[in-house]
Amino acid sequence: MATGTTKLENMVNPEVMAPMVSAKLEAAMKFAPLATIDRTLQGKPGDTVTLPKYAYIGDAEDVGEGEAIPIEKMATSTTKVSVKKAGKGVELTDESVLSGYGDPMGEAVNQLGLSIANKLDNDVLAVLDNIISAMTVGDGTATLTSNFIADALVKFGEDIDGEKVLLIAPAQLAELRKSEDWIKATDIGADIIIKGTVGMIHGCQVVLSNKIKAENGAYTNYIVKPGALAIYLKRDTEIENDRDIVNKTTVITADKHYTTHIADDAKAIKISAKE
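Residues numbered from 1 in each chain as written. Predicted model: local features only at pLDDT ≥ 70, side-chain atom pairs only at ≥ 80, totals over all residues. Heavy atoms only, no water.

In the annotation of an unreviewed UniProt entry, the entry for the chain reads Phage major capsid protein, and the organism field reads Monoglobus pectinilyticus.

1. Re the overall build of the chain
Regarding its fold elements, the chain presents six helices and 13 strands. A burial count over the chain gives 41% of its 275 residues as buried. Put simply, of all contacts in the chain between residues at least 6 apart along the chain, 79% involve residues at least 24 apart. Carbon and sulfur atoms make up 50% of the accessible area of the chain, which totals about 15200 Å². (Helix = DSSP H or I, 4+ residues; strand = E, 2+ residues; numbered from the N terminus. Buried < 20%, exposed > 50% of the residue type's maximum accessible area, 1.4 Å probe, protein only. Contact = heavy atoms within 4.5 Å. Areas by Shrake-Rupley, 256 points an atom, 1.4 Å probe, with all protein chains shown as cover.)

2. Side note on the sheet that holds strand 13 (residues 268-274)
Backbone hydrogen bonds hold the strands of a sheet together, and the pairing may be parallel or antiparallel. Overall, mixed pairing links the seven strands, which are arranged 5-13-10-6-9-8-7 in an open sheet. Here the strands that pair on one side only, and so sit at the sheet edges, are strand 5 (136-137) and strand 7 (182-184). Strands in contact with helix 4 (residues 104-128) are strand 6 (165-168), strand 10 (218-224) and strand 13; relative to strand 10, the strand with the most contacts, it is inclined by about 95 degrees. (Pairing = 2+ DSSP bridges. Axes fitted to C-alpha atoms, helices over the stretch in contact; angles between N-to-C directions.)

3. Brief notes about the sheet that holds strand 1 (residues 35-38)
Reading across the sheet, the four strands line up as 1-11-12-4 and stay open at both edges, with mixed pairing between neighbours. Sheet topology places strand 1 and strand 4 (84-93) at the edges, where each strand pairs with a single neighbour. When strand polarity is set aside, the average angle formed by the axes of neighbouring strands in this sheet is 30 degrees. Strand direction decides the pairing type here: strand 11 (residues 229-244) and strand 12 (residues 249-262), joined by 13 bridges, are antiparallel. Pairing of E238 across the sheet is with D255, part of strand 12. Those strands touched by helix 4 are strand 4, strand 11 and strand 12, and its axis lies near 25 degrees from that of strand 12.

4. Observations regarding the nonpolar core
Inside soluble globular proteins, nonpolar side chains tend to come together where they are buried. Grouped together as the largest cluster of nonpolar side chains are 61 residues, with contacts concentrated most on L128, I149, L166, L167, I223 and L229. The dominant element in this core, judged by the number of residues it contributes, is helix 4, at ten residues. Taken together, domain 1 (12-52 + 71-127 + 227-260) and domain 2 (133-226 + 265-272) each give at least three residues to this core, which thus spans both. For I149, the residues in contact, after removing those within four places along its chain, are L144, L166, L176, I201, H202, C204 and I223. (Core = buried A, V, L, I, M, F, W, Y, C linked by side-chain atoms within 4.5 Å. Domains from an automatic or database assignment.)

5. Some thoughts on the environment of V81
Checked against the element boundaries, V81 lands in strand 3 (residues 76-82). Linking V81 and T259, residues 178 residues apart in sequence, is a C-alpha distance of 7.3 Å.

6. A few points about the packing of aromatic side chains
By the definition in use, this model includes zero aromatic pairs. It is K225 that lies over the ring of F156; its NZ or CZ is 4.7 Å from the centre. (Phe/Tyr/Trp six-rings, centres within 6.5 Å; stacked < 30°, edge-to-face > 60°. Lys NZ or Arg CZ within 6 Å of the ring centre and 35° of its normal.)

7. Some points on the side chain of S272
Its place among the elements puts S272 in strand 13. Those residues in contact with S272, other than ones at most four positions away along the chain, are V137, G138, D139, G140, F148, A218 and Y219.

8. Quick look at the confidence of the model for the chain
When pLDDT is low, close inspection of the predicted coordinates is not appropriate. Residues with a pLDDT of 70 or more make up 83% of the chain, whose mean pLDDT is 83. Counted against residues more than four places away or in other chains, residues 1-7, with its pLDDT under 50, gives two contacts. (pLDDT = per-residue confidence, 0-100.)

This is how it looks when you write it as structure tokens:
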């Protein structure tokens, strides 16, 4: 029997593919830098977890001369969330893997990583839609302008400074770039939080996303500070494969168990702007 023969099981190695898919996933997740990745749930039983959440202290109030500034106690609340599973699979024929045509294994790694990354990004956006009403600005009748953003930032109160990201649709960029307050990406002195930042306005690093789409004539935009969101991992990316001995194909699946969560209400603003 010949030695050194390349077998299909040698080429499809889940232990090798898993870290490759995880690396692709982390690179493809556009909103990951806005979220804290927490792995404390790994290895613990149950699919419903109780997570901490900072309670919003309320809007600032008018203070007269000589009067005391209202002091609120920072409190934490809890919320129960269910862990979900995101998964995707590909099926490769023996011929596609063994013939050497293109790079089917490399493409499988790319596609699986991108697929799960997009799902996590979708879930991050979905959880942002749950931003409390006290941190919501606009009714969808005004265009997103420099002044609109300046007014919205007041919601951060005295914590208006610091790093923050504004998520907008590509179609909203032109209006902001016309403003005298616009700073080009090449002129941003602060560290870039998210790769692909196109500029800055009023201290917000502006990031374009095709996932921001108009509905009923209005866009929903978000201004998010790092730490506002959390991604809790129950089980990191796992790769498995199985053979179909009749059709001579190999099925490769990737899945991830996690949940997304708004960890701090005071660090995210939701904006409703006219299309």
